[in-house]
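# Structural features, examined
Letter by letter, the chains look like this.
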Amino acid sequence: MQGKCFAGLSSFPSRKLTNHSSINSSVSLDFLVTHRLHDRALSFYLDPTNPKHDPLDLQFVYAPSAKYLAAYASNYPGHFLNTSVKDQTLLRLGQSLDLSPSRWAHAESPKHDLNILASLPRLSLLPKSTLQGSSAWNTSPLSMLPSKSTNADVLETLATVFRGPVDQETYPPTKNLKDPSEAQSARALYFLYLNHNPRLFEDLVKHAETVALESHALAAVHVITSIAVANWQSLPEESKEGPSHLPTERHLLSWLPNPPTATPESGVLALLAPPSLEHTLPYLLRPPQTFSNIVGGVGDTQNSAYKVATAKFDALKILHGRLEEKAIQEPGQGYEEIVETLRRRIADGPWGSKGQGQVGTSIATMEL
Amino acid sequence: MAATEPLLDQLQAHLEQLESDPSTELNARFFESCSLILTQTIPQDASISVITRLSKILPTLQTDPTPVIQFLIQLLQPYNFSDILALDAGIDFAAGLDERALPYNRLMLALLHKATANATDASLVAARPEVVTALVKLWLCTPDAGVAQQASNTLLALLRVDQQSPPGSGEDPLPAHSQGLMWKRVFGDQDIYALVLSVCSLKSILQLSKSQKTLAQARLLEWLPAVGVLNWNAITKNHHPNIESQYTDGKGEGLLYFAASCMVDVKDDVLMHRCLIEFFADLITKIKQAEHAR
């Protein structure tokens, strides 16, 4: 046994993960591509009407296939952008996200498609740089996500896209990212979305204040915090002809409707610019919703009000922190006043200033 | 401390009862309190004598041995793998890992897991082919999901600790004396390699039902990405062409090709097809993250 086992294996090969054919791939992806397993795994999502697929199979395999596509696009963005899978995915998302407002709000959310959308490299969600005019935006699947009649998954998707790349963040923030295209695309996508949905913040605040729909409210607050901490960069001024075809700041302006909103460099400033300014700041400064004015408003409902109130308070603290840094970096820009207002509101605690006539009901709650 | 001595005396008395008449009813609650109290305070010489006596009693018991085994696992906590081999309790690992001896499986896995502490202990396990064979068989064939998971983790941990350091790279220094013996055993041993393939393949004539086969397939699919992270070549190299040719279509090589391309009946088994695609997603994610971390 001993002899049989060790013969011919005197030097067992060591791991060789990094020695793959291209920087965008890996040994595992190469393996699946070579054996055509990659195409097969994707085909159930990308080409569900193919007569080769058994309809019963499709029911079961659709979700894993979408999961595979999401894993592929998020782990291998470079590979994804350079294959035809990118165009097929965008086409497919365009079909599956084309829903009526009532279906968005009330039917089951297309969560697999949204998961894919959130996993795609943000660069692929930008319109092609050859397109002109504000109708170019309609080619992006992100333009199909509604902010009014919506659901929590949609809001979480928006939060993820606007947030920018999380994995290449440094402290203090630096301009020299290894691959700035994701941070640049995140900012461009935010302004494209906002300019074509000027009601975005009005809707977000409305969702955030509808405490009875807890997941909607939390997701709406999450969109606001994601913008506050977003990892953004400006698009380049000059177009560099490269494989990534990154659009320039001029392209971005040409895609926005006339007149465009201001396009500040960072998320904090975007929250302080119209049309966010008139909705977001007043919302964050108001005391949170409670159910204490309703008889019996305790227990579960109070619990949901509590969660939303703490999320909102966290958003307030995050905005304060980011703005304070900004005020120190650029004194004399008028940020100090807002920082002071936010600080005073934070000092009041999550439930806002005392003496609002809510003490009685709070005590009733505490008895439970 | 005060509770130790009366409890120890009671334990000795109960053990004598069991020694004289193995059909005696086990006092499960008593063993439970022993596990909780006695294992914290028992002096070492007493603990060794109790362990030796228990291991002699265990095979003769005619009732469910679970309480004794729980107690024994607790008692063995402070000892490492070589201590346990030195106890001279004559532990029959292979028999204890038989999937039909479910209560004993956990004890054996707990003991084997101690060998994952360093490469020397792992190589002691690797030197016993019958133990590794039994471990692999238990992992793939046991009906108990918890035991399967524990066996899978143990096998993976044995491989990890026995990882050869990559030539020329100074990073993550591995334990001394690592020779990759465990890798050679699992992948280089014809019998074990054939066992994995035959248990998971639908072509083989092994006495397993189809549902048992799919369980084994799912366990293999879950295990492969983690092994691939440790050593990609091990799962993509054809170690035994004569064995692989029986189970694959010959268009690719290695355990990974067998699992990804030939093992699952995608036309007929929808649920396994689902697992297979999830496995692909897991594979590309894990390998990429491992690369990224390096």
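Conventions we followed
- Residues numbered from 1 in each chain as written.
- Chains lettered and ligands numbered in written order.
- Predicted model: local features only at pLDDT ≥ 70, side-chain atom pairs only at ≥ 80, totals over all residues.
- Heavy atoms only, no water.
- Helix = DSSP H or I, 4+ residues; strand = E, 2+ residues; numbered from the N terminus.
- Buried < 20%, exposed > 50% of the residue type's maximum accessible area, 1.4 Å probe, protein only.
- Contact = heavy atoms within 4.5 Å.
- Areas by Shrake-Rupley, 256 points an atom, 1.4 Å probe, with all protein chains shown as cover.
- Lys, Arg positive; Asp, Glu negative; His and termini not counted.
- Charge placed at Lys NZ, Arg CZ, Asp CG, Glu CD.
- Axes fitted to C-alpha atoms, helices over the stretch in contact; angles between N-to-C directions.
- Parallel < 35°, antiparallel > 145°, perpendicular 65-115°, else oblique.
- Nonpolar A, V, L, I, M, F, W, Y, C, P; charged D, E, K, R; others polar.
- Disulfide = S-S within 2.5 Å.
- Salt bridge = Lys/Arg side-chain N within 4 Å of Asp/Glu carboxyl O.
- Patch = residues over 30% accessible without salt bridge, like charges linked within 9 Å, V, L, I, M, F, W, Y side chains within 5 Å.
- Phe/Tyr/Trp six-rings, centres within 6.5 Å; stacked < 30°, edge-to-face > 60°.
- Lys NZ or Arg CZ within 6 Å of the ring centre and 35° of its normal.
- Left-handed = near helix turned anticlockwise from the far one by under 90°.
- pLDDT = per-residue confidence, 0-100.

Before going further, it helps to spend a moment on the overall build of chain B. Helices and strands together make up the secondary structure of chain B, namely 17 helices and 0 strands. Considering chain B as a whole, with its 294 residues, one finds that 54% of them fall into the buried category. The long-range share in chain B, meaning contacts at least 24 apart out of those at least 6 apart in sequence, stands at 66%. Only carbon and sulfur atoms are counted for the fraction: they give 53% of the accessible area of chain B, which is about 12900 Å². Taken as two groups, the 22 positive and 32 negative side-chain charges of chain B have centres that lie 8 Å from each other.

Turning our eyes to something else, we now look at the packing of helix H11 (residues 181-188) of chain B against helix H12 (residues 190-200) of chain B. Residue and element names in this part refer to chain B. Two elements in contact, H11 and H12, have axes separated by 6 Å at closest approach and are oriented at 55°. As judged from the angle between their axes, H11 and H12 are oblique. Across from Arg-185, Val-186, Phe-187 and Gly-188 in H11, the residues of H12 making contact are Gln-190, Ile-192 and Tyr-193. When grouped by side-chain class, the residues that make up the contact of H11 with H12 number 4 nonpolar, 2 polar and 1 charged.

Here the focus is the state of the cysteines. All names here are of chain B. Scanning the model with the defined rule gives 0 disulfides over all chains in all. No disulfide involves Cys-141; its nearest neighbouring cysteine sulfur is the one of Cys-200, lying 8.2 Å away. Using a relative accessible area of 11% as the deciding quantity, one classes Cys-141 as buried.

This part covers the pattern of salt bridges. Residues and elements named next belong to chain A. The full count for this structure, using the stated rule, is 18 salt bridges over all chains. Salt-bridge contacts for Lys-307 lead to Glu-214; the nearest nitrogen and oxygen are separated by 3.0 Å. Of this pair, Lys-307 sits in helix H16 (residues 300-329) while Glu-214 sits in helix H12 (residues 214-228), and the two are 93 residues apart along the sequence. Here Lys-307 falls in the partly exposed class, since its relative accessible area comes to 35%.

Turning our attention to a nonpolar patch on the surface. A contiguous nonpolar patch, built from Leu-56 and Phe-60 of chain A together with Leu-271 of chain B and spanning about 280 Å² of accessible area, is present on the exposed surface. Locating Leu-56 of chain A in the fold gives a position in helix H4 (residues 55-75). For Leu-56 of chain A, a relative accessible area of 49% corresponds to the partly exposed category.

Bringing the packing of aromatic side chains into the picture now. The geometry of an aromatic ring pair is captured by two quantities: the separation of the ring centres and the angle between the planes. Residues and elements named next belong to chain A. A complete count under the given rule lists 17 aromatic pairs over all chains for this structure. Pairwise contacts between aromatic rings join Phe-162, Tyr-190, Phe-191, Tyr-193 and Trp-232 into one cluster. The aromatic ring of Tyr-45 is capped on one face by Arg-92, whose charged end is 5.1 Å from the ring centroid.

Residue and element names in this part refer to chain A. Following Asn-258, the chain continues to Pro-259 via a peptide bond in cis, the omega torsion being -10°. Summarising the element assignment, Pro-259 is placed in the loop between helix H13 (249-255) and helix H14 (267-271). Pro-274 connects to Pro-275 through a cis peptide bond whose omega is 5°. Summarising the element assignment, Pro-275 is placed in the loop between H14 and helix H15 (277-285). The phi angle at Arg-36 is positive, at roughly 60°, despite the residue not being glycine. With respect to the element layout, Arg-36 can be found in the loop between helix H2 (27-34) and helix H3 (37-46). Residue classification places Arg-36 among the exposed positions, given a relative accessible area of 59%.

Considered for burial, the residues of H2 of chain A that qualify are Val-27, Ser-28, Leu-29, Phe-31 and Leu-32 of chain A. Where H2 of chain A is buried, its residues meet H3, H4 and helix H5 (77-81) of chain A together with helix H14 (232-236), helix H16 (254-262) and helix H17 (270-293) of chain B. Within two residues after H2 of chain A, Arg-36 of chain A carries a phi angle of roughly 60°, on the positive side.

On to the environment of Arg-185 of chain B, then. Mapped onto the fold, Arg-185 of chain B is located in helix H11. In the structure, Arg-185 of chain B is positioned 167 residues away from Leu-18 of chain B in sequence and 39 Å away in space, judged by C-alpha atoms.

In this section: the packing of helix H3 (residues 44-57) of chain B against helix H4 (residues 66-76) of chain B. All names here are of chain B. Relative to each other, H3 and H4 sit at 145°, their axes nearing to 11 Å. You can see that H3 and H4 cross each other, and the crossing is left-handed. Contact residues: H3 offers Ser-47, Val-50, Ile-51 and Leu-54, while H4 offers Val-68, Phe-71, Leu-72, Leu-75 and Leu-76. Taken together, the residues of the contact of H3 with H4 sort by class into 8 nonpolar, 1 polar and no charged.

Looking now at the confidence of the model for chain A. All names here are of chain A. Residue-level pLDDT values for chain A average 84, and 82% of them are 70 or greater. Across residues 1-21, where pLDDT falls below 50, the model places 57 contacts with residues more than four positions away in sequence or in other chains. Across residues 359-364, confidence stays below pLDDT 50; counting only partners more than four residues off in sequence or on other chains, it has 1 contact.

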